[in-house]
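Descriptive analysis of the structure
This is what each chain is made of:
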Amino acid sequence: MLLWYNSRNCESEGGGKKMKAKREHGDSVDGERDLKRQRVVDSPSSPPEEPLVPYNDDEDDERRALNHIGSREEDGHRVESEEEDDDDEDDPYGLGSTLGRSNRQVEVRRDCPYLDTVNRQVLDFDFEKFCSVSLSNLNVYACLVCGKYYQGRGKKSHAYTHSLEAGHHVYINLRTEKVYCLPDGYEINDPSLDDIRHVLYPRFSREQLEQLDKNKQWSRALDGSDYLPGMVGLNNIQKTDFVNVTIQSLMRITPLRNFFLIPENYQHCRSQLVHRFGELTRKIWHARNFKGQVSPHEFLQAVMKASKKRFRIGVQCEPVEFMSWLLNTLHADLRTSKKSSSIVHKCFQGELEVVKETQSKAIGEKKESDGEQNGALKITDGQIENNNVAAETYRMPFLMLGLDLPEPPLFKDVMEKNIIPQVPLFNILKKFDGEMVTTTVRPPARMRYRVTKLPQYFILHMRRFTKNNFFREKNPTLVNFPVKNLELKDYIPLPAPTKENEKLRTKYDLIANVVHDGKPDEGFYRVFVQRKSEELWYEMQDLHVSETLPQMVALSEAYMQIYEQQQ
């Protein structure tokens, strides 16, 4: 009995030492079992937000390995402890709060033997941030050696596997911008990687915004090509030239551009479209890009989702439809309440007075039954009724004005060539003088329009395309317009200023001109834009950017124009 008792004592003492060592070394085995058991129990009751992405506890191995590292100095390197959600999204379904995990500790080094393997030539952060293997957008890293995207950095993750198979060791987290070395798992804190972070998420200060329209300096890409910040080409993915010309036109709107260059202005907004438009704006105006063009991949995906595939890759659409939808959607997403305004309305919103005359059948029948004369004049509910015609006057806001072009001649001239007519812009602007009558078919009515409030930026749309039951037609009429000093008060009556000392600004300068070339269904769009710092004009068609003369701007088939009010 004595021997048996001593052996048990020895075993218990040895076991106690082992358990004590384990407790000092890290978490207990029972604790890990409890955590795993709790995860199995909790998972069904709290379904994940992304049911298509399986939960992967690859990073648990990494967490256990890193928990053994204390806050200490090793070989002259610093070891830091950081909050888990600041580093990785190891727990995409929010189970970490129920498990009560402790802070992870990651070694931070200033030097790394693999920094010379980073290849900036292959880095492209314009694509959607999805893992190239699992197609998940959670916890995605970019390999700085080959440029591919992989998920996670735990021992069973795709990035970890890629580091072992391909021998690529430097990765950047696409959300936190932290750089890690795999498979070692330490963080790299080196100033030489700052240029990559700036390309991943370009940043602008308030002082830089003031200098954008004064900057005349060119930037140089990694391949040696020169480009102008703000004048970079946009990649045409597949029939997306209607998006490119719209974006290039909106980049000339100074208040709109400055608003989206500072992400803090719309950090309250949850719309993906707003944030993707802001990212695209910052990339276009960034002066330290690795290449001289930008691919609007992420923005187009946000457009397809927000428009419910009304605008999508591979289907040609009209820029005016896309411009109208984009401005209205950005306004709706940015405003904080139904009555509040937004940067979109501050730039583009004007006001029209509309007089609508319609035939009133019910009134005519009533007058006949009462034996009244047709020449009687009657006012009811703000409507004037005269000769069975009800005239209704109301005011409506607008973001752009549509101008009707005169019909082209049906017959050819003596040389058997089509006659291309020309019309001054002032002639088609008379539609908004308050006197010219425009008839509508559905519903039948006579409309008169008058501008009562001028916007800071005036968008005009020439209606070149008409669609009938058989085919789509294009009106080739050329519009003659001034590039500078468009004086509106000489052609359309404008309201008097509301304040005594206020001066009514009626002069406008052209800053963007979208044109259409080719047949109605097979043509393409390009845009002429002005660079304010040098007052030069550039022609932009997808990736093609070239300087042009102001006289060439007025010789094209104008489709949509943006004018800026002179201050």
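Structure: above.
These remarks concern the structure in this document. Given the structure is predicted, the values throughout are model-derived calculations rather than measurements.

Looking only at helices and strands, the chain has 17 helices and 30 strands in total. Counting the 567 residues in the chain, one finds 46% classified as buried. Sequence-distant contacts, at least 24 apart, represent 67% of the contacts inside the chain between residues at least 6 apart. Per element, the accessible surface of the chain, about 31100 Å² overall, is 50% carbon and sulfur.

Cis geometry is adopted by the peptide bond preceding Pro183, which originates at Leu182 and carries an omega value of 5°. Looking at the element boundaries, Pro183 is found in the loop between strand S7 (179–181) and strand S8 (186–188). Unlike most non-glycine residues, Asp542 shows phi in positive territory, near 55°. Residue placement: Asp542 occurs in the loop between strand S28 (536–541) and strand S29 (544–548). What makes Asp542 buried here is its relative accessible area of 18%.

Bringing the pairing of strand S4 (residues 140–143) into the picture now. Of the two faces of S4, the one lined by Val140 and Ala142 and the one lined by Tyr141 and Cys143 are each fully buried. Bridge analysis of S4 against strand S5 (residues 149–151) gives 3 bridges, and the strand direction is antiparallel. In the strand pairing of S5, Ala142 is matched with Tyr149. In this antiparallel pair of consecutive strands, S4 and S5, the connection spans 5 residues, and Gly147 shows a positive phi of 85°.

With that settled, the discussion passes to the packing of helix H12 (residues 297–306) against helix H13 (residues 319–334). As a packed pair, H12 and H13 sit with axes 12 Å apart at the nearest point and diverge in direction by 80°. Taken together, the axis directions place H12 and H13 in an arrangement best described as roughly perpendicular. Two secondary-structure elements touch here, H12 through Phe299, Val303 and Ala306 and H13 through Phe322, Trp325 and Leu326. Residues belonging to the contact of H12 with H13 are distributed by class as follows: 6 nonpolar, no polar and no charged.

A few words on the pairing of strand S6 (residues 170–173). Burial along S6 is two-sided: Val170 and Ile172 facing one way and Tyr171 and Asn173 facing the other are all buried. As paired elements, S4 and S6 share 3 bridges and run antiparallel to each other. When the bridges of S6 are listed, Cys143 appears paired with Tyr171. Of the pairings in the sheet, the one linking S6 to S7 comprises 3 bridges and is antiparallel in character. Bridge pairing in S7 places Tyr171 opposite Tyr180. Linking two consecutive strands that pair antiparallel, namely S6 and S7, is a turn of 5 residues; a positive phi of about 65° is found at Glu177 within it.

It is worth spelling out a positive patch on the surface at this point. There is a patch of like positive charges on the surface, built from Lys489, Lys503, Arg505 and Lys507. Turning to its location among the elements, Arg505 is positioned in the loop between strand S25 (486–487) and strand S26 (507–517). Exposure remark for Arg505: the relative accessible area of 40% places this residue in the partly exposed category.

Across all of its chains, the model carries 25 salt bridges by this definition. In this structure, Glu107 and Arg109 form a salt bridge, with 3.1 Å as the shortest nitrogen-oxygen distance. Note on Glu107: relative accessible area 11%, which makes it buried. The salt bridge partner of Glu298 is Arg276, with a shortest N-O separation of 3.9 Å. Of this pair, Glu298 sits in helix H12 while Arg276 sits in helix H11 (residues 272–285); the two residues are 22 residues apart in sequence, bridging distant segments of the chain. In this pair, the class of Glu298 matches that of Arg276, namely buried. In the salt-bridge network here, residues are joined through shared partners; they are Asp124, Asp126, Lys283 and Lys291.

Following the sequence through the fold, Thr506 ends up in the loop between S25 and S26. Judged by its relative accessible area of 6%, Thr506 falls in the buried class. Here the side chain of Thr506 touches Glu487 through a polar contact of 2.3 Å, side chain to side chain. Those residues within four positions of Thr506 in sequence are excluded, and the remaining contacts are Leu454, Leu486, Glu487, Leu488, Lys489 and Leu494.

Take the environment of Leu261 next. Within the fold, Leu261 resides in helix H10 (residues 254–261). In contact with Leu261, other than residues within four places in its own chain, are Phe204, Leu209, Leu212, Thr281, Arg282 and Trp285.

There is a patch of nonpolar side chains on the surface, built from Leu549, Met552 and Leu555 and spanning about 330 Å² of accessible area. Here Leu555 is to be found in the loop between helix H17 (550–553) and strand S30 (558–565). Residue classification places Leu555 among the exposed residues on the basis of a relative accessible area of 61%.

Looking now at the environment of Tyr538. For Tyr538, the location among the structural elements is in strand S28. Judged by its relative accessible area of 4%, Tyr538 falls in the buried class. C-alpha separation for the pair Tyr538 and Pro550, spaced 12 residues apart in sequence, amounts to 9.0 Å.

Under the defined criterion, the tally for this structure stands at 17 aromatic pairs. Note on Phe242 and Phe322: the rings are 5.7 Å apart at their centroids and 90° apart in plane angle, and the pair reads as edge-to-face. Pair noted here: Phe242 is in helix H9 (residues 241–250) and Phe322 is in helix H13, with a separation of 80 residues, a long-range link. Taking relative accessible area as the criterion, Phe322 reaches 0% and is therefore assigned buried. Arranged with centres 5.2 Å apart and planes meeting at 85°, the rings of Phe259 and Phe260 form a pair that is edge-to-face. Each of the two residues, Phe259 as well as Phe260, counts as buried. Each member of the aromatic cluster is reached from another via a ring pair, and the members are Phe259, Phe260, Tyr266, Phe277 and Phe299. Over the ring of Tyr186 we find Arg109; its NZ or CZ atom is 4.1 Å from the centre of that ring. Lying over the aromatic face of Tyr180, Arg153 brings its terminal NZ or CZ to 3.8 Å of the ring centre.

So, how was this worked out
- Residues numbered from 1 in each chain as written.
- Predicted model: local features only at pLDDT ≥ 70, side-chain atom pairs only at ≥ 80, totals over all residues.
- Heavy atoms only, no water.
- Helix = DSSP H or I, 4+ residues; strand = E, 2+ residues; numbered from the N terminus.
- Buried < 20%, exposed > 50% of the residue type's maximum accessible area, 1.4 Å probe, protein only.
- Contact = heavy atoms within 4.5 Å.
- Areas by Shrake-Rupley, 256 points an atom, 1.4 Å probe, with all protein chains shown as cover.
- Pairing = 2+ DSSP bridges.
- Axes fitted to C-alpha atoms, helices over the stretch in contact; angles between N-to-C directions.
- Parallel < 35°, antiparallel > 145°, perpendicular 65-115°, else oblique.
- Nonpolar A, V, L, I, M, F, W, Y, C, P; charged D, E, K, R; others polar.
- Patch = residues over 30% accessible without salt bridge, like charges linked within 9 Å, V, L, I, M, F, W, Y side chains within 5 Å.
- Salt bridge = Lys/Arg side-chain N within 4 Å of Asp/Glu carboxyl O.
- Lys, Arg positive; Asp, Glu negative; His and termini not counted.
- Charge placed at Lys NZ, Arg CZ, Asp CG, Glu CD.
- Polar contact = N/O pair within 3.5 Å; in protein donor to acceptor, adjacent residues only side chain to side chain.
- Phe/Tyr/Trp six-rings, centres within 6.5 Å; stacked < 30°, edge-to-face > 60°.
- Lys NZ or Arg CZ within 6 Å of the ring centre and 35° of its normal.

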